[in-house]
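Residues per chain, in single letters:
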Amino acid sequence: NDPYNDIPVEKIRENIKVALQEQYIFAASIRENFRILYPSITDEEIYKALTAAGLNDFVTNTPQKLATKTGRFGMFLSGGQRKRLIIAIALAGKSDMLILDEPTAGLDAITAQEIIDTIVNIGRQRTILVITHDLAAIERFDKVLVLSNGRIVQTGPPMQLATVKGPFAAMLAYRNAV
């Protein structure tokens, strides 16, 4: 008997939020994108989530503020702004755990580093699971799980895994050689 099967789906949805790599952003305002998931969210709560995700300055400097239109799939936003909005929406859920799927994929190095800084800051208050192929800032995370063929083949602090012969050290060596 698996105890996880006894957890109601609603409880899982309350406690775990996900920011997907290809998450849909509605052709609506920033505020409306939050309210689709959180109908009773206040502007203050939205600004708090935007601040945590590093997007508050952008929003407060636009003439429409929270009424700023995002466009379908976030086409009116830069790649970094789009990623930050997806993270902010997930953060607004007040969950204990946040799962981020490829949060730096397709971003320039500076924006990717800013997103990693945001994730590290968020991780001080919540459990964060980052699914990534980007090893640029991997040393900033507490623990790494290396998957191969759907199974965990290595686990541990990144700096420790870097010194052990195995797939993680091989990935780092390849990255450093390129």
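Residues numbered from 1 in each chain as written. Predicted model: local features only at pLDDT ≥ 70, side-chain atom pairs only at ≥ 80, totals over all residues. Heavy atoms only, no water.

Peer 1: Kindly report on the overall build of the protein, identifying the contributing residues and their values.
Peer 2: A tally of helices and strands in the protein yields eight helices and five strands. The linear arrangement of helices and strands in the protein, starting from the amino end, is α-β-α-α-α-α-β-α-β-β-β-α-α. Considered along the principal axes of its C-alpha atoms, the protein spans approximately 55 × 45 × 25 Å. Among the 178 residues that make up the protein, the fraction classed as buried is 39%. The contacts in the protein between residues at least 6 apart in sequence include a share of 61% that link residues at least 24 apart. (Helix = DSSP H or I, 4+ residues; strand = E, 2+ residues; numbered from the N terminus. Buried < 20%, exposed > 50% of the residue type's maximum accessible area, 1.4 Å probe, protein only. Contact = heavy atoms within 4.5 Å.)

Peer 1: Explain the side chain of Gln154 to me, using residue names and the numbers behind them.
Peer 2: Note that Gln154 resides in strand 5 (residues 151–156). For Gln154, a relative accessible area of 10% corresponds to the buried category. Within polar-contact distance, the side chain of Gln154 engages the backbone nitrogen of Phe168 at 2.9 Å. The contact partners of Gln154, leaving out residues within four places of it in the chain, are Val144, Leu145, Val146, Leu161, Val164, Lys165, Gly166, Pro167 and Phe168. (Polar contact = N/O pair within 3.5 Å; in protein donor to acceptor, adjacent residues only side chain to side chain.)

Peer 1: Account for the environment of Gly150, with residues named and values stated.
Peer 2: Mapping Gly150 onto the fold places it in the loop between strand 4 (144–148) and strand 5. C-alpha separation for the pair Gly150 and Tyr38, spaced 112 residues apart in sequence, amounts to 33 Å.

Peer 1: Run through the packing of aromatic side chains, naming residues and quoting values.
Peer 2: Summed over all chains, the structure comprises two aromatic pairs. Each ring, one from Tyr24 and one from Phe26, has its centre 4.8 Å from the other, and the planes form 75°; the classification is edge-to-face. With a centroid separation of 4.7 Å and 80° between ring planes, the pair formed by Tyr24 and Phe73 is classed as edge-to-face. With a gap of 49 residues between them, Tyr24 in the loop between strand 1 (16–19) and helix 2 (30–37) and Phe73 in the loop between helix 4 (56–60) and helix 5 (79–91) connect regions that are remote in the sequence. Residue Phe73 is classed as partly exposed on the basis of its relative accessible area of 41%. (Phe/Tyr/Trp six-rings, centres within 6.5 Å; stacked < 30°, edge-to-face > 60°.)

Peer 1: So, the sheet that holds strand 3 (residues 127–131): which residues are in play, and what are the values?
Peer 2: Pairing within the open sheet is parallel, and its three strands lie in the order 1-2-3. Strands at the two margins of the open sheet, each flanked by one partner only, are strand 1 and strand 3. Taken pair by pair, the neighbouring strands of this sheet meet at an average axis angle of 15°, ignoring direction. Bridge analysis of strand 1 against strand 2 (residues 97–101) gives four bridges, and the strand direction is parallel. Directly across from Lys17, in strand 2, lies its bridge partner Leu98. Its contacts with the sheet put helix 5 on strand 1 and strand 2, and the angle it makes with strand 1 is roughly 170°. (Pairing = 2+ DSSP bridges. Axes fitted to C-alpha atoms, helices over the stretch in contact; angles between N-to-C directions.)

Peer 1: Which residues make up the pattern of salt bridges, and what are the values?
Peer 2: A complete count under the given rule lists five salt bridges for this structure. Between Asp43 and Arg31 there is a salt bridge; the shortest N-O distance is 2.9 Å. Here Asp43, found in helix 3 (residues 43–52), pairs with Arg31, found in helix 2; they are twelve residues apart in sequence, far enough to count as distant. A relative accessible area of 28% places Asp43 in the partly exposed class. For Arg31, a relative accessible area of 23% translates into the label partly exposed. One salt bridge in this structure joins Asp43 and Arg35, with 3.5 Å as the shortest N-O distance. Looking at Arg35, the relative accessible area reads 33%, which means it is partly exposed. Each of Arg31, Arg35 and Asp43 takes part in one network of salt bridges that share partners. (Salt bridge = Lys/Arg side-chain N within 4 Å of Asp/Glu carboxyl O.)

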